[in-house]
Structures are given as C-alpha cells and as structure tokens.
Amino acid sequence: MTRPNLTQSRSLVVIAFALAVIVVASSLLGLFDDAEPVPSFKAQACSLPDAWLERIQRGYFEHHSGQVSILPRTPAYMASGAGGWSHSGPWPYLVDIPLVFYGPGLISGLGDVETPATLADVAPTLMTLLHGFYRTEGDALAEVAEFTGRSLKQDIPKLVVVVVLDGGGWNVLNQWPDDWPNLARLMRDGVSFTNATVGSSPSVTPAVHTTLGTGEFPRTHGITGIPVRDEEGTVVDSFLKGESSRLIQVATLAERWDAQNRQKAKIAMVGYEPWHLGMIGKGAETPGADKDDAVWLDVETNEWITNPAHYRLPPSIAATGGLDDYVRELDAADGDLDGEWLGNDMLDQRDRAEETPAFIQYHTDAMLNMIEAEGYGDDAITDFVFTNYKQIDRLGHYFNMTSEEVRGALVETDRQLGVIERFLDEEVGRGRYALVVTADHGQQPDAADIGGFGIDPREVEADLDEEFGPITRAVWPTEVFLLEDEMAERDVTVEEVAQFLGRYRLADNTQRPDMVVGGAGELDPGTRLFDMAIPARMLPSLRCVGDGP
C-alpha cells in the first residue's frame with residue numbers, strides 16, 4: 001500500500017478543515033434563518049420607534065424617492081460606497097442638532113429651552129420675527145418670536161444671517177466639548193433649543209437645507225436626498241449640479257419675502273456646493289424673480305462660481321483674496337513649510353486646501369466682504385444671508401468624527417462664529433440683526449468603536465442584481481433606486497426586492513471568513529441587516545395604531 005507523502009497529507013488536512021468550516025458555517029447560518037423569520041412589511045415599519053418612523057415618512061416624496069425604503073439594524077449602518085462614513089438615518093445620534101437664535105436687543109436671552117423643535121420651524125420663526133405669517137409644516141417658536149401686542153411693537157432685524165455647521169450635530173459637539181466656546185456663548189446669551197432635531201430622514205445635506213429654507217419637510221418640498229428621480233424617472237443630482245433648482249416643489253421663505261417686497265430684499269447663499277441652494281430657492285429660475293446672490297466652489301480651483309442664468313456672483317466675493325496667505329500660515333503652524341496639515345499632504349493641492357481651516361477663514365472673509373460691499377442690512381427691508389461651513393462634514397467622511405482633522409475644523413469654524421458676531425455688532429449694529437446657528441446632521445462613529453458593521457452598498461447592489469438581474473440603479477443608505485423597465489422585462493416586483501432585502505444577512509454582505517463565521521461586533525453572521533425593507537410607496541399611508549400587524 002502506497003502512503004501519501006507529507007505534502008499531500010497537509011493538503012488533505014487543509015481541505016478537510018476548510019470543508020468543515022463551510023459545513024459548520026452553513027449549518028449555523030441555517031439555524032439563524034430558522035430563528036429569525038422576516039416580519040411583514042407593516043410589522044417591520046411599526047416595530048420602529050414612533051419618532052424614527054415619522055422622520056422616515058416625512059422624508060419620502062413619491063416622485064423623487066427610491067422605490068424601496070431601508071433602515072439598517074443598529075449598530076450596523078450603510079458605509080460609504082467610496083469608503084469612509086455616511087450619515088443618513090433617523091437615529092438620534094444623526095438627527096440631534098444644535099439650534100440657536102441670537103439677536104441682542106431683539107431676541108430674549110433665555111439660554112437653554114427644552115421645547116422640541118425641528119429645522120422646519122426656522123422659516124416660520126424668522127417670518128414671525130419679521131412680523132409676518134408663514135403657514136408651513138413647521139411652527140413658529142414662541143421663545144424667539146410670537147404675535148403679541150408687545151412683540152409687534154418691537155423693531156424687526158435689518159439683516160438675518162443663518163449659519164449651518166455641516167456635520168456639526170450634537171454627537172460631534174459632544175465628542176469635542178471644550179472646542180466651541182463661541183457657540184456655547186451664543187447658546188447662553190440667545191435661545192438654544194436643546195431638543196432640536198433635523199426632523200426627517202434621510203439626514204443629508206440637500207434635503208435638510210431645503211427644509212430649513214422652506215419650513216416644509218421633504219414629503220412636501222420634494223428634495224429627498226442627494227440623488228432623486230426627476231420628471232422622467234431618471235436618477236439625477238437633486239440640484240442637477242447647479243444647473244437647476246426646479247425640483248424644489250415649494251417656495252422658500254427668502255423667495256416669499258423677496259416677492260412681498262417687490263424683489264427689493266437682498267438674498268444670498270454662500271456655500272460649498274449647489275446642495276445648499278435649498279436655503280434660498282430658485283432665484284431667477286422662478287418667473288418674475290430676480291437673481292439672488294449665490295455662490296459655491298469649483299473644488300478643483302477653489303474659485304467661487306455660480307449659475308449666471310439664475311443667480312449672481314457678487315464682485316466683492318470674486319475679488320476676495322488671502323487664501324494663499326491662510327494656507328501658508330496653516331502650513332507653518334507645525335514649524336515646517338512642507339505642504340502638510342496634521343500629517344496630511346493637502347495644502348499644496350488646490351482641490352484639497354478647501355477642506356482645511358485655512359479655507360474656513362477665507363470663507364468668512366468672502367461672506368463679510370459681500371455683506372459690507374453689497375449693502376446687506378443697510379435699508380428698511382430685511383435682507384437674508386445663508387451660509388454653510390462644509391469642512392467638519394467633509395473631514396468626517398474622510399477621517400471620522402473622532403479625528404484631529406474634524407476637531408481642527410470645528411475649532412476654526414467656532415472661531416469664525418466669533419468673527420461673524422463681532423462684525424455684525426460693528427457693521428450692522430446690535431438690535432438690528434438676528435443670527436441663527438444650527439447643523440444639518442451628526443456623524444457616524446466608526447463600526448469598531450460601537451461594535452457595529454459597515455454595510456457595503458456595492459455588495460448589496462451586486463447581490464440584488466445576481467438575484468434578479470441588472471435591476472438596481474443605486475443603493476443609498478436609506479433607499480434603493482430600481483430600474484423599473486428592467487424589472488418589468490424580468491417580471492420582478494418591488495415587493496420581491498424588498499423581501500430579499502428583508503432576509504439579507506451580515507454573512508451575505510462580506511467575504512471575510514472571520515465575519516462569515518463569527519460575525520462583526522455585536523452582530524452575528526446570520527443577523528438580518530435591515531430592521532426595515534419595504535416598498536417605499538407604503539410610507540405615506542402607514543398607520544401603526546389600532547390596525548393590527
């Protein structure tokens with residue numbers, strides 16, 4: 001009898017071990033399948049906390065949203081398809097935000113108040129401060145402004161400035177509690193709503209800024225996320241990369257105010273990208289309206305740009321210099337002019353310098369130059385300036401919210417709040433301006449820090465297409481866009497896709513052997529990854545009380 005040699009024996013052992021692992025893993029996954037049946041669509045939705053479901057419902061607009069609404073099971077979350085961290089969902093850590101109204105001589109300094117608020121309340125509150133009335137889904141916050149005989153005798157602000165700290169929600173502020181003294185002072189001396197939330201889900205920039213600007217939720221204003229379906233059903237950027245704001249379904253506060261004042265009010269948006277246009281609206285794209293001042297960045301060159309067909313690029317912003325000086329100052333802060341900030345080779349790259357504290361300083365200079373040169377706050381008609389500081393968010397996507405990069409951006413953005421306040425005091429005058437400071441969302445902790453799992457959206461898409469054919473247009477953190485023509489050709493329904501995602505497990509989303517066998521963090525390999533995966537068209541009519549499962 002011929003014996004196998006040592007090499008053959010080792011190979012047989014390895015093969016046998018691998019087969020054993022596969023058998024055991026398959027057995028375990030089968031047990032998980034048996035142990036965790038998939039609830040009905042309604043039962044999935046109604047098992048969520050009421051506030052979560054309400055935010056999801058507020059975020060759905062039939063003609064623009066994806067066909068399947070999904071919600072990862074915490075502590076799982078949808079990772080960014082390009083790597084990094086996303087921030088979309090109804091969970092408190094993403095939707096809890098600061099909301100501060102400050103106006104010495106105009107707004108009482110109540111400090112912290114516990115009244116629940118959402119960003120839909122900002123527009124009607126500001127209109128009430130102007131002695132007007134604005135009926136929206138949001139409510140005027142009485143702690144800031146209300147209709148009384150006394151309040152109607154008070155002066156109205158000549159300038160309203162709204163500052164959004166992109167990605168500066170409470171979980172980021174609490175991560176760095178000693179690094180925002182100016183914001184803390186505005187909270188103490190103004191009115192700070194400690195129970196403020198974004199109000200809807202997805203908690204993403206275009207949707208939330210449009211809620212702030214209109215006083216309506218996405219179910220009404222129509223900007224549901226970063227991608228949306230357009231009039232033809234094609235998935236497009238929600239602001240068509242600056243070409244058009246036509247997908248907004250309602251007028252903003254700024255547009256209504258401008259129209260009431262025969263287009264004499266000055267309206268401005270100084271932002272990072274066209275997604276911030278929801279704060280001011282469509283400009284001259286609306287028949288009869290004028291070109292509001294609106295600028296965003298060409299991130300390749302760090303130049304301010306606009307869509308000249310609908311908006312105006314103020315000469316004062318275009319002429320603002322000093323960015324190179326700020327970059328050099330930041331570069332030299334560590335004692336070495338090497339093009340690096342916190343060890344990152346960013347400062348010599350024109351398409352990266354805008355993500356650093358140097359650009360935060362430059363952003364403020366440009367905005368304040370515009371206010372002064374263009375005469376904002378100079379006449380009897382109230383003017384509006386809306387601005388977004390993007391760097392906290394951008395760096396959070398790249399480095400995570402616990403990074404020194406995010407901390408550096410937060411420190412500098414807070415410092416600029418002090419600069420803005422001092423400028424308004426000196427140039428506009430106390431008792432003549434109102435300053436609103438808020439954020440559009442929090443940020444996602446890293447999976448390793450919370451015992452979680454970052455779901456790979458590309459794997460989800462690949463698995464859907466393997467199951468049904470090429471029917472998937474895109475998988476986003478809270479929704480799935482489908483190709484309806486392909487589905488019709490293959491006789492696939494939205495219900496079938498949602499059922500597939502309802503059964504989808506951690507082990508389906510990874511090829512790492514350790515996770516396939518042992519799971520990730522608190523999640524077993526057989527854990528269903530989605531608390532909810534339902535046809536999105538169910539959302540508007542869902543009622544969870546008294547109707548049974």
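Look up: the structure comes first, before these words.
Described below are features of the structure shown in this document. These figures come from a predicted structure and were not determined experimentally.

Comments concerning the pairing of strand β21 (residues 479–482)
Phase 1: Across the two faces of β21 the burial is the same, with Glu479 and Phe481 and Val480 and Leu482 all buried.
Phase 2: Relative to β21, strand β1 (residues 68–72) runs antiparallel, the two being bridged by two bridges. Among the inter-strand pairings, Ser69 is bridged to a residue of β21, identified as Glu479.
Phase 3: Two strands pair when backbone bridges link them, and strand β20 (residues 472–476) and β21 are joined in this way by four bridges, in the antiparallel orientation. Residue pairing in the sheet places Val475 in a bridge with Val480 of β21.
Phase 4: Linking β20 to β21, which pair antiparallel, is a turn of two residues.

Considerations on the nonpolar core
Phase 1: Formed by 57 residues in total, the largest nonpolar core has its most connected members in Leu99, Phe101, Leu126, Phe193 and Phe384.
Phase 2: Here the element with the most residues in this core is helix α5 (residues 122–129); it accounts for five residues.
Phase 3: Those residues in contact with Phe193 that sit more than four places away from it in its chain are Ile97, Leu99, Phe101, Val113, Thr115, Ala117, Leu141, Glu143 and Val144.
Phase 4: Grouped together as the second largest cluster of nonpolar side chains are 56 residues, Val100, Met187, Leu347 and Ala409 included.

Notes on the state of the cysteines
Phase 1: Tallying each qualifying case throughout the model produces one disulfide.
Phase 2: Covalent S-S linkage joins Cys46 and Cys544, the inter-sulfur distance amounting to 2.0 Å. On the sign convention where negative means left-handed, the S-S torsion of about -80° between Cys46 and Cys544 marks this disulfide as left-handed. Linking Cys46 in helix α2 (residues 41–46) with Cys544 in the segment after β22 (530–535), this pair joins segments that are 498 residues apart in sequence.
Phase 3: A relative accessible area of 26% places Cys46 in the partly exposed class.

Notes on the sheet that holds β21
The strands that make up a sheet pair up through hydrogen bonds in the backbone, lying either parallel or antiparallel.
Phase 1: One open sheet holds the four strands; their spatial order is β20-β21-β1-β22, and the pairing between them is antiparallel. The open sheet has two edge strands with one neighbour each: β20 and β22. On average, adjacent strands in this sheet sit at an angle of 15° to one another, irrespective of strand direction.
Phase 2: Helix-sheet contacts for helix α17 (residues 457–468) involve β20 and β21, and the interaxial angle to β20 is about 145°.

As for the pairing of strand β3 (residues 99–102)
When a strand is regular, its side chains alternate between the sheet's two faces.
Phase 1: Burial of the side chains of β3 extends over both faces: Leu99 and Phe101 are buried on one face and Val100 and Tyr102 on the other.
Phase 2: The pairing of β3 with strand β18 (residues 433–439) spans four bridges and is antiparallel. Residue pairing in the sheet places Tyr102 in a bridge with Leu435 of β18.
Phase 3: Sheet topology places β3 next to strand β7 (residues 191–193); two bridges connect them, and they run antiparallel. Paired with Phe101 across the strands is Val191, a residue of β7.

Let's talk about the pattern of salt bridges
Phase 1: On inspection of all chains with the given rule, the structure shows 24 salt bridges.
Phase 2: Measuring nitrogen to oxygen at the nearest pair gives 3.9 Å for the salt bridge that ties Glu484 to Arg229. Taken together, the residues Glu484 in helix α18 (residues 484–490) and Arg229 in strand β9 (residues 227–229) connect sequence positions 255 residues apart.
Phase 3: Here Lys266 makes a salt bridge to Asp379, at a shortest N to O gap of 3.9 Å. On the criterion of sequence distance, the pair formed by Lys266 in the loop between α10 (253–260) and β11 (267–270) and Asp379 in the loop between α13 (357–373) and β17 (383–389) is long-range, its members being 113 residues apart.
Phase 4: Beyond isolated ion pairs, a larger network of salt bridges with shared partners links Asp166, Glu273, Lys390 and Asp393.

So, how was this worked out
Residues numbered from 1 in each chain as written. Predicted model: local features only at pLDDT ≥ 70, side-chain atom pairs only at ≥ 80, totals over all residues. Heavy atoms only, no water. Buried < 20%, exposed > 50% of the residue type's maximum accessible area, 1.4 Å probe, protein only. Helix = DSSP H or I, 4+ residues; strand = E, 2+ residues; numbered from the N terminus. Pairing = 2+ DSSP bridges. Core = buried A, V, L, I, M, F, W, Y, C linked by side-chain atoms within 4.5 Å. Contact = heavy atoms within 4.5 Å. Disulfide = S-S within 2.5 Å. Axes fitted to C-alpha atoms, helices over the stretch in contact; angles between N-to-C directions. Salt bridge = Lys/Arg side-chain N within 4 Å of Asp/Glu carboxyl O.

Any functional reading would require information that these geometric values do not contain.
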